[in-house]
Amino acid sequence: MGSASPEGEDDFEGANGRKRSRTTTACQVCRRKRSKCDGGMPKCGHCTQKGKECIYDLAGDRRKPFTKDVVDALKLRITTLESELASLRGPGDAPLLEILGAQPTEQTKETTSASVTEQAKEAQPPAQDVFLGGLAYNSHGEFRFYGPTSSFRAVVVDESRISGFEVEAARSSSLTQSHDTQQAPLHPLPPPFPPMLEPALRERLIQYAFVYTGLVYEQEFYRDMDLSLTTRTDFWSAFLYFVVLGTGSRYLAADEDFPIEICSDPNDVTTRGDVFVDYARFLLDSEVRKPNLATIRGLSLMSVYLVGRGFDSQAYQFDGQAMRLCEDFGLHLGLHRLSKLTSRKSHSNQDVTSRHVTFWYTVHTHIILALWIGRRTTFTMDEIDQDLPVINHELEYQRSEYRSTWFQQKTKLLLIATKMMDSVYALRPGIPISAREAFVPELHLALESWYHALPTPIRVANSTTGKERAPIHIGLNLLYHTIMLTLHRPFFRRQGTANGLSVSTEKCLSASKHIVRLIKLQQDVYGVRFIAPAFLHAAFCAGTILAVSAVEDGISSPHETDAERKKVAREDLAFLTVVLRKAAETWPTASTSAACLAILQRQWSPGTRPVSGAASPVHPSTSGGGSATISDFFTTFGGTDEILAPSFTFPLIFPSWETDLFESLNYSSVDPSLGSNGFSEMPSFI
């Protein structure tokens, strides 16, 4: 690779008025010798001339000025700490600001007053804690748990504008779904052996899986695959191999000329890749008899495949197996925790690195999945005693993706998300809403600081829209804005105050705008076919905020600004719905998200009719099977709109709603004093 134009260059005008480039990031050799570095990647001109190793520390640039967002986050954190100090003072203590000789600001007065008000509220009998989640029926009529970050809670609508059936459909489809509603056979037959692929096609599928899902150890995978197709190593196994092929198959175009044998249903190209994954599941029984690191990566990638296919429940199961093996292998601990009572054996650097990277890759998938379907994370930050990923300079410039820096920064970001899940969204009873909200300023500051320190080559800001960025970089920036939105979403206020928007409302609206911007960039440069499933979660999260912004008055002022905001929100929500329909070609679960957003659009659609009364919950039938189209669903409940009626189909998401399997469940027999069961006798259908 030749010396490319440096990613960290800024343009400025010299004394003669002409623009010159200024490198903001110098290599370590030039820094040490105080030489002028031209910032050439992967090797600068000075190091090339001297024949020296050129290494960049992309995260080491300390010359970037703090942005307004970081300063605002610091102010918010200071205000919160002042409020906490004020609540700890005794009645006779002088205010801290008076001791220091300063006058309290109006903002401090308001915060202190608000703190007193919150304490008075908390003295009242506690209401049901919505952050603990609960039970609901999914689209198959099965009980499912929904956690605080679940999309089930994100579907907020004006139910006077949309029928209760549609709201129920949107919410129930966001819960975890089983792969098949039919009972498993008593004596299952082994699946057929997958077809042999042409070398060129096999190469494409493997590259697709590694490039677009963030799977690690590509070179070692190829190396060990070429050694033997029957020998298992920490980097290759037949189980991992077939999961990789199945995942890569999803990125083939539906109208592309590929062997129909890779589809589990020869008449349905949307099942491409399933034959590889089905065979991998067959191999898993023998794989787990003596698991290794390749087993863990295969299980983690299997969960990515299944969640993209719409099988959230099974994805959660395979992800759980991967995390249990991580704990069993002690991957969350560094070798400095090796017991002195055990016999010492030699470990190569490759062994240590393999354990290290396998753990962080699995944790990445696990945290994103926990955010997606609303589950707790396995490890808290206090339980992880493993070093952060280090920069691998051999991996850094492969495909000019700065892949090692991307992996390190993604780890730092998801650790912030883990702390958010364990504090704001903690599944523990008795935590008042004010105590949860008190964590927000600290986490908000951590997120803003992370983004401020994000190296320029992988940052996709407004000013870099015209520059080409790798899909994994766009995905990392999408993940940041999704986590920021998730942090503030519980505290989103629909009405503005005299002082303007609340911080949480402003950040939710801003994050949604950035998510739409990044998705447009992805669509313009690469198309929405080459995406990871987490892309879909970002689009849906933004859509739920835009759905509220599109119909609510008074969020922003003056009236002209409020009307413009609603107009843009409607346009952006319609855009996200169309994008998700296109993305369903790769990952069918996007069709469910698109259907939910399409239902939310009916709040302002011309064909929408107000509902005259509250609709009682209806649970779908699990009998009958077959595929249901969203078009048929909208036709059933009236008011169809051509824009909102997608042409795709998907199985068993919205089946027949005419039969209520649970109508025999007598809710009047529930006795709260009986405990968690609550029934004086067993329901008649059990």
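This is a predicted model, so every value here is computed, not measured.

Right, let's talk about the overall build of the protein chain for a bit. When helices and strands are tallied, the protein chain shows 24 helices and six strands. Burial analysis of the protein chain (686 residues in total) assigns 51% to the buried set. In the protein chain, the share of contacts with a sequence separation of at least 24, taken over all contacts with a separation of at least 6, comes to 70%. Total accessible area computed for the protein chain in this model is approximately 33,400 Å², and 53% of it derives from carbon and sulfur atoms.

A cluster of acidic residues, Glu327, Asp328, Asp382 and Glu383, forms a negative patch at the surface. Tracing the sequence through the fold places aspartate 382 in the loop between α14 (349-373) and α15 (393-396).

What follows deals with the packing of aromatic side chains. One pass over the full model with this rule turns up 23 aromatic pairs. Relative to phenylalanine 530, the ring of tyrosine 208 lies with its centre 5.7 Å away and its plane at 45°, an arrangement referred to as tilted. Residue tyrosine 208 is found in helix α8 (residues 199-213), and its partner phenylalanine 530 is found in the loop between α20 (503-525) and α21 (534-549); the two are separated by 322 residues along the sequence. As far as the burial class goes, tyrosine 208 and phenylalanine 530 line up, both buried. On the basis of an interplanar angle of 40° and a centroid distance of 5.9 Å, the ring pair of tryptophan 236 and tyrosine 241 is categorised as tilted. On the accessibility criterion, tryptophan 236 (1% relative accessible area) is buried. A residue is classified by how much of its surface remains accessible, and tyrosine 241, at 12% relative accessible area, is buried. Members of the aromatic cluster, connected to one another through ring pairs, are Phe193, Trp236, Tyr241, Phe242, Phe276, Tyr279 and Phe282. Sitting over the ring of tyrosine 451, arginine 459 keeps its end group 4.5 Å from the ring centre. Sitting over the face of the ring of phenylalanine 575, lysine 520 holds its NZ or CZ atom 5.4 Å from the ring centroid.

Another point: the packing of helix α12 (residues 293-309) against helix α13 (residues 312-329). Packing of α12 against α13 leaves a shortest axis separation of 8 Å and a crossing angle of 160°. Here α12 is positioned roughly antiparallel relative to α13, judged by the angle of their axes. As for the relative orientation of α12 and α13, their crossing is left-handed in sense. Taking contact as the criterion, the partners of Leu293, Thr295, Ile296, Leu299, Ser300, Met302, Ser303, Leu306 and Val307 in α12 are, on α13, Asp312, Gln314, Ala315, Phe318, Asp319, Gln321, Ala322, Leu325, Cys326 and Phe329. A class-by-class count of the residues in the contact of α12 with α13 yields twelve nonpolar, five polar and two charged.

It is worth spelling out the pattern of salt bridges at this point. In this structure the tally under the stated criterion is nine salt bridges. For the salt bridge of glutamate 256 with arginine 204, the shortest nitrogen-to-oxygen distance reads 2.7 Å. Here the residue glutamate 256 occupies a position in the loop between α10 (238-249) and α11 (274-287), and arginine 204 occupies one in helix α8, the gap between them amounting to 52 residues.

This part covers unusual backbone geometry. Despite not being glycine, arginine 34 has its phi angle at roughly 55°, a positive value. Tracing the backbone through its elements, the reader meets arginine 34 in the loop between α1 (28-33) and α2 (45-50). Positive phi, normally seen in glycine, also occurs at tyrosine 217, with a value near 70°. For tyrosine 217, a relative accessible area of 14% gives the class buried.

Over its 23 residues, α20 extends 33 Å from the first C-alpha to the last, a length consistent with the 33 Å expected when each residue adds 1.5 Å. Trailing α20 by a residue or two, glycine 527 shows a phi angle of about 85°, which is positive.

Positive charge collects at one region of the surface, where Arg32, Lys33, Lys50 and Lys52 lie side by side. Among the secondary structure elements, lysine 52 is positioned in the loop between α2 and α3 (68-88). In this structure lysine 52 comes out as partly exposed when scored by relative accessible area, which is 33%.

This part is about the environment of alanine 426. Positionally, alanine 426 belongs in the loop between α16 (403-423) and α17 (433-437). Judged by relative accessible area, alanine 426 falls into the buried class, the value being 1%. With ten residues separating them in the primary sequence, alanine 426 and arginine 436 have C-alpha atoms 8.5 Å apart.

Calculation criteria
- Residues numbered from 1 in each chain as written.
- Predicted model: local features only at pLDDT ≥ 70, side-chain atom pairs only at ≥ 80, totals over all residues.
- Heavy atoms only, no water.
- Helix = DSSP H or I, 4+ residues; strand = E, 2+ residues; numbered from the N terminus.
- Buried < 20%, exposed > 50% of the residue type's maximum accessible area, 1.4 Å probe, protein only.
- Contact = heavy atoms within 4.5 Å.
- Areas by Shrake-Rupley, 256 points an atom, 1.4 Å probe, with all protein chains shown as cover.
- Patch = residues over 30% accessible without salt bridge, like charges linked within 9 Å, V, L, I, M, F, W, Y side chains within 5 Å.
- Salt bridge = Lys/Arg side-chain N within 4 Å of Asp/Glu carboxyl O.
- Lys, Arg positive; Asp, Glu negative; His and termini not counted.
- Charge placed at Lys NZ, Arg CZ, Asp CG, Glu CD.
- Phe/Tyr/Trp six-rings, centres within 6.5 Å; stacked < 30°, edge-to-face > 60°.
- Lys NZ or Arg CZ within 6 Å of the ring centre and 35° of its normal.
- Axes fitted to C-alpha atoms, helices over the stretch in contact; angles between N-to-C directions.
- Parallel < 35°, antiparallel > 145°, perpendicular 65-115°, else oblique.
- Left-handed = near helix turned anticlockwise from the far one by under 90°.
- Nonpolar A, V, L, I, M, F, W, Y, C, P; charged D, E, K, R; others polar.
- Expected span 1.5 Å × (residues − 1).

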